[in-house]
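# Reading the structure
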Amino acid sequence: MSPRVVLVGAPGAGKSSVGRQLADRLGVTFRDTDTDVERTAGKPITDIFVEDGEPAFRSLERAAITAALREHDGVLALGGGAVTNPETRAELAGHRVVFLDVGLADAAARVGLNRDRPLLLESPRAQLKKLMDARRPLYQEVASATVVTTGRGIEEVVQDVEDAMGHV
Ligand SMILES: Nc1ncnc2c1ncn2[C@@H]1O[C@H](COP(=O)(O)OP(=O)(O)O)[C@@H](O)[C@H]1O
Ligand SMILES: O=C(O)C1=C[C@@H](OP(=O)(O)O)[C@@H](O)[C@H](O)C1
Ligand SMILES: [Mg+2]
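Residues numbered from 1 in each chain as written. Chains lettered and ligands numbered in written order. Predicted model: local features only at pLDDT ≥ 70, side-chain atom pairs only at ≥ 80, totals over all residues.

Around ligand 1 lies a shell of 16 residues, among which Gly14, Lys15, Ser16, Ser17 and Arg110 are the nearest. Contributing elements (two or more residues each) for the shell around ligand 1: helix H1 (15-26) and helix H8 (154-166). Ranked by the residues each element gives to the shell around ligand 1, the list is headed by H1, at three residues. Across the shell around ligand 1, the residue classes break down as five nonpolar, eight polar and three charged. (Near = placed C-beta within 6 Å. Helix = DSSP H or I, 4+ residues; strand = E, 2+ residues; numbered from the N terminus. Nonpolar A, V, L, I, M, F, W, Y, C, P; charged D, E, K, R; others polar.)

Using the residue numbers shown here, the UniProt feature "binding site: substrate" (unreviewed entry) corresponds to Asp34, Arg58, Gly80 and Arg135. Positionally, Asp34 belongs in helix H2 (residues 33-41). Since 20 C-beta atoms lie within 10 Å of it, Asp34 is described here as buried. If we skip the residues at most four places from it in the chain, Asp34 touches Ile45 and Gly79. Assignment of secondary structure puts Arg135 in helix H7 (residues 118-142). (UniProt positions renumbered as here; feature names shortened; annotations may be inferred. Buried ≥ 20, exposed ≤ 12 C-beta atoms within 10 Å, placed from the backbone. Contact = placed C-beta atoms within 7 Å.)

Have a look at this one:
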């Protein structure tokens, strides 16, 4: 059993929302490894980071991805940092993986880091840029196709992913 498609990309790329709508459209189930991690931990991701630390989250995420790649046959969304783990990248080889590409401005707006309060937002925005720059080659490494989401609505992206799936 293998997911019909696995979505990767930065926070705000639309993996969770596009994934859910795409699954509806294809008539298959949707799974998000972030939700699996929250269920296993019994608490939200922010609490896992604050109370247990990022390594604890990454370890739960690693296990959730292995299980989902084996058990799930619908649409699967990963968390934005999943590809930083080399074992995850190796596991993704052979799966149909679509990279939802997004520019910094769109990603920042979608996750609530807009430009209205630059003094408060400079640091999170810089952090987002750093994450996106560091991870871009990793998303490209695991992806069998890339869909640009910058300036495009969710329904357009869903259509583009469906089209891309036919070609990979
Ligand atoms: N193409 C898009 N255009 C506009 N808003 C989007 C788009 N894709 C996602 N969003 C919005 O951005 C936010 C983050 O999307 P989400 O699916 O959670 O991203 P991810 O799972 O990649 O972090 C949500 O509020 C979602 O509705
Ligand atoms: O980029 C990251 O490292 C993370 C992205 C989040 O998922 P989304 O990309 O779905 O927001 C979630 O897995 C966690 O907060 C860590
Ligand atoms: Mg998500």
